[in-house]
Amino acid sequence: MSEPLLVVRGLSKQFVSANETVPVIEKLSFTLGQGRSLALTGRSGSGKSTLLNLLCGLEVADAGSIALRDQVFEAGAAAAKHRAAAWARLRKQHIGVVFQEANLMPALTLLENVQFRAYLAGRDPAHSEDWLTRLNIGELARRYPDQVSGGQRQRAALAMVFAMEPALILADEPTGSLDRHTSDEVTGLMFELQARHGCSLILATHDAELAAGCQQHLDLGHLSGV
Amino acid sequence: MTGFLSFFRFFFLPRALLSHYRRHPLQLVALGVMIVLATMLWTGVNQLTSQARASLAQSEQAVAERRQVLRDDGGALAVDDFVTLRLAGVCVMPWLEVTPSPGHHLAGQRLVGIDPLAAHCFGNSVDGAGALDQPLDGKPFVDIHTAAGISARESRLHLLVPASTNPSVLPPGYSLAGFSASPDTGELGDSFLLNLEALGVLVLLIAALLLRSVYLLGLAQRRESFALLHRFGVPPGRVQRWLALEILALALLGVVPGVWLGRWLATGLGGGFGQALEGLFDIPLYAGQGQGWLTPVLVMLAVVMVSCLGDLLFLRFRQRLALPLAVQAVVAAALLVTGLAMAWLAPSLLWVFIAVALVFAGAGWLTPLAVARLSHWRARLAKKPLVLWRYRELAVLVRRLTLPLVALQFALAMVLAVQALVTTFESTFDRWLAQRLEAAYYIEVPAGADGRKAADWLTSAQERSPDLQWHRVIRGSALLADASGEGGRQVDVFALAPISSLIREWSLLEAAERHWETLAAGDGVMINEQLARRHNLGAGDRLQLSIGGEPLDSVIVGVYPDYGRPVGEVLLNAGLLPASFNTRFESVSVTPGRPGIDRITEALRQIWDVGALTTRDNATIRELATGVFDQTFALTRAMTLLTLVLAASALLMMGWVLFSTRTWYFRLLVAWGMSQREVAAQLLRLALLLTGGIAALALPLGLWLTWALVHRINPLAFGWSLPMAVYPGFWLELAVLSLAIGLSIALLMRRQLSRPAALPASASALSGGER
Amino acid sequence: MIRYPAFVLMLFLSAGCSGETGDTGFAGLAGLGNSRVDATGADTHYLQPGPGDRLSFPEDFGPHPQHRVEWWYLTANLQTAAGEPLGLQWTQFRQALEPRKATEPAPVATEWPLQAAWMAHGAVSWKGRHYFAEKLARGDVGHAGATAAPFQVWLDNWRLRANADNSRWQLQASGEGWSYDLSLSIEGAPVAHGDNGFSAKSASGEGSMYFSLVDIAITGEVTLGDDVLEVKGKGWFDREWSSQLLKTGQKGWDWFALHLDTGDKLMAFRLRDDSGSFRSGTWIPEGGHPVPLNSGELSLQELERRKGVPVRWHLKVPAYQVSLELGAPAGNYLNRGLYPYWESPVSVSGSHDGVGYMELTGYSE
């Protein structure tokens, strides 16, 4: 068992609307080791995206704690500003996020997108083109996102994430809008690179086959139907 | 099933389409307000100009080819003259022009009283008496008895004769002259109206650009639901028809109150506008000449429909016409250059307007292209990816906001130029007025009193107290001797005696050597700028006049500026006036010095043996003149200001909405580890770059337009030239306004950033986002 | 005499602007008279002549501002030096738009008042050609009007003017291509028609005050184009005024004024309506007293029409052994003014020879 990268304890999140409170995540605990992959499954609305947002600090939990690398984030604690800054630093350098689509700045070429992300993470942008090549879209480096296919865009999104040399990759249905064949290609590349570079991966998906490729499995399904 | 389908068709479809506005009520409000405002502005202007034009046309047509009888002694015509002429067998009809007093419901608009019985002798074949066969309904013709009964600020009787009238039939003491409703003011009045109309068209253009941009934005947001409807099996044609119906309904809802408001605006401004027209050009604004409802409603409907649905209608056409960017740039630049050259060389106002239109078209086309090119260029230079991103994003925004940005650019340029013109005119007019109102008091010589007696007394008073300064002013008219023998054009006579030091401070546009001395000696005359321009006269040229029937041939020793009136004027020594000269007005200008004004008026009262004297002081007259001035430009100012407000609010809304559609990407920056504060700062820079840039780009266009207005349009439209001046303080105000719009957008976005963003909804986002 | 219908129409059309209401045209005349509040606040109504009204001279030569309509009317059967017949007409109408008491001063000219409108017709008929001109004017301005003493009637440069003792008149009028300047010698006293001047126009009592001068010797010059013709002959002058002349339904009239060779004169008219006609006339024997003729005492029969206009007539007054055939000369004598009517000289044959004038209205061409 590798050293834990992420330790989640008693994590809860609820959405408050005008007249009711809907619990989305209740007292969730799990641990993810360094270099390990975790599949997050569950029907839509089961809280997969919310959990990912909590794990990168884009949303704040109501209860519980998240320990990531050397930082511990306790829910409800004071100094929200400080916490937000700490999350921002983590996202900048160590957490790569991949959404189902629209991961690229439309006004930048694929290469510029990768360079931009690397630059933000403080990595050398010079390797950006290599990453595109490794994801088999090197020849498309100077195209704009709207000039390539959806699969190619998701590859570029992965190139961006790997270019920042992250500790943790959070992927939210990264191939959800792709056809089976492209999806397999893209996820294959993702798993391969993740394994090679030793970063951890949390993959939210409703695709059982895809989930099976991960070492761990966390099903939020019981929460669905709320 | 068919029941469901028809239910779907007639109930669900419109509801589905309209649900967009339930979700975006502001957009609906914005569209509505824009349609109402644009309609109001344009209808208001159009109502006034068409009223003025119809006045001109109708009076000109009614008197087309007709001539009038004048008294040889220059006296005003009265009923007696009409009777004398009729009894002598001359076919003559009365034409009584009446401007109702303030308080009358037609105050400021002129009515024409005619006598249909007297008009009978004009026949109905040769002389176009059809034009006289007017309904006497106050638009503007009324029976002369009604006209004579109106309490009038001004009332003037003309006696018209058929064009075929032989001068030999006239009894002695009368002669024939051309009849037009206004004196010789060249094409000035027409030009002024053209000016206003051009402004109206510009407002319309700006409004159309804005409408289109807001509507297209809404369409982009609705593409999703259109796609959904398509999946439900609704053919695109039906959706388009419903869209057309929807915008037609919206247009009607906006246009009708807009037209009503416009007419209300026109009525409100009508009095002032009428006075301005009359004051500036002697064009009377005849009552009831405005156009009906149909034209403005149809025009505005067409504008709204075309600007919103033009794509639907002309899509294929446009696709076929889509030119490569480079070609577009070349064409736009060609338009711009042609316009610039044409403005320089244009011989008439219409050509200047065409030139202005070309320059605006060129600039409006070129600006977004140039900005996009510029930001790409700037992006290439960028070392930091963040700067690169910012300029790339700017390029996208500029392209997506082309229409409102160009509208704001036009509006800014227009406001800038009009402000420069009005301010320049104001200060020039002020200086000129200060010189013109040289004396402290103006005492009217009462009817029947002898101005010379006053002169004698003032001469002796001046010997006792040398600081008393005065001169007599005698006004009337003369005819310019005309080689064609047509009985030349009438000019005003402005006669002074003595040529006192009071007027020697005048700044002249052109002057010969020792001009004041020559004028004082009666060896030369001066003319105003209007006369000089119209007849291409200058210092040193000779001027032949017929004054009171006597010829006068004199050298021109100076040309003086004369604002606020279109009529040519000759300034001369009153000693040159023959005894037969018909004095229209006489006054004495006095700066009393030690004796004091009370002593002088008392003395004049005794000399003339009258109870009271009409005395005006300098300040009163100045106030009157300034009032007229303000009236003149009230309309222009209101229009430019409203347009600016329209453009600014449209940009604000558009900017915000457009930024909002990109919220996902701005949130992406947060996901990539930038703090919200950093992202907000980036957005602020972006927004300021956008709106500040457009202000900067409006500046050269505005400066050029100022030049065009002052040096090209103004002399053609008003008959006098102005110095060109620039007002950087005002530029700063406009820049601040633009930046404030940018700042507001950034602030609104900052709020938006703190909320979770949905994936970009538009169809294009699914294919990689708008670039 | 009754030569004003069109004029009335026109005036009511143009009167729309003066706030005049109610009457529209011909039929309106038969309606109730409207009124005007004068300066003293009193209502001024139109006066309507009736049986028992008397004529008064010289006042009745002048205008009657409290009556709705009146006219001064001259027809003349003249001869040129070459002996060719020449017919001539001059008429001036006054139409009130508001009644005014004769004692009340006229409104001032500078108001361009619209209390009355004037119309003048002038015509010359010679060798089958008919020259006609029409003039209009508003009253009280100065270029159109009439006075009783000295007697004059004028509109623009058309003018009828009497000398001091009203024994000689001068008449001048002109139109395009024609003009005349005549000297009229007035002989004989005015002839009062009907009941001492009240001439009924229907069985129900509508009518007018009506008198004529039937003995007028005329000399003068008529200019037609380049021809200057010396003329002399006889004239007939009518004065007539009323406020409610016709009955509703009356469509037009036929009017005749004849100089018979015996020196007798005859005036006869017929008013037509759907149910028949109302006839009236005056027999003026040479040297004797005028005798009014009622409907039963005279008969009028059309003999021939020319383009819809009866141009030949049979006129009988059995009591005076008068049986005349009247005929217009060749030509079209339609006065093509605002509202056309027929005005032609006639030759007289049958029991008497003679000359005269005929006016026909209400026929469509």
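Scroll up for the structure.
Residues numbered from 1 in each chain as written. Chains lettered and ligands numbered in written order. Predicted model: local features only at pLDDT ≥ 70, side-chain atom pairs only at ≥ 80, totals over all residues. Heavy atoms only, no water.

(A) Seen up close, the overall build of chain A. If you tally the helices and strands in chain A, you get seven helices and nine strands. In chain A, of all internal contacts separated by at least 6 residues, the share reaching a separation of at least 24 is 70%. Accessible area of chain A: about 9,600 Å², with a carbon and sulfur share of 48%. (Helix = DSSP H or I, 4+ residues; strand = E, 2+ residues; numbered from the N terminus. Contact = heavy atoms within 4.5 Å. Areas by Shrake-Rupley, 256 points an atom, 1.4 Å probe, with all protein chains shown as cover.)

(B) Main features of helix α16 (residues 597–608) of chain B. All names here are of chain B. Between the first and last C-alpha of α16 there are 16 Å, a value that for 12 residues agrees with the 16 Å anticipated at 1.5 Å per step. When we look at burial in α16, the residues that qualify are Ile-597, Ile-600, Thr-601, Ala-603, Leu-604 and Trp-608. The buried residues of α16 occupy one face: seen down the axis, they fall within an arc of 160°. Away from its buried face, by an angle of more than 90 degrees, α16 presents the exposed residues Asp-598 and Gln-606. Packed against the buried residues of α16 are β7 (441–444), α13 (451–464), β15 (585–591) and β16 (615–617). Looking at the residues trailing α16, positive phi occurs at Asp-609, about 60°. (Expected span 1.5 Å × (residues − 1). Buried < 20%, exposed > 50% of the residue type's maximum accessible area, 1.4 Å probe, protein only. Arc of directions from axis to C-beta.)

(C) Summary view of the interface of chain C and chain B. Tallying the contact residues gives 22 residues for chain C and 20 residues for chain B. There are three salt bridges connecting chain C and chain B. Salt-bridge contacts for Asp143(B) lead to Arg138(C); the nearest nitrogen and oxygen are separated by 2.5 Å. Those elements that provide at least two residues to the side of chain C that touches chain B are α1 (5–14) and β6 (129–138) of chain C. Per-element tally for the side of chain C that touches chain B: the top contributor is β6(C), with four residues. Partitioned by chemical class, the residues of the side of chain C that touches chain B number 13 nonpolar, four polar and five charged. (Salt bridge = Lys/Arg side-chain N within 4 Å of Asp/Glu carboxyl O. Nonpolar A, V, L, I, M, F, W, Y, C, P; charged D, E, K, R; others polar.)

(D) Structural view of the state of the cysteines. All names here are of chain B. What the rule picks out here adds up to one disulfide over all chains. Between the sulfur atoms of Cys-91 and its disulfide partner Cys-121 the distance amounts to 2.0 Å. Negative torsions about the S-S bond denote left-handed disulfides, and the value of about 85° found for Cys-91 with Cys-121 makes this one right-handed. Pair noted here: Cys-91 is in the loop between α3 (79–87) and β2 (93–100) and Cys-121 is in the loop between α4 (116–119) and β4 (141–143), with a separation of 30 residues, a long-range link. What makes Cys-121 partly exposed here is its relative accessible area of 32%. (Disulfide = S-S within 2.5 Å.)

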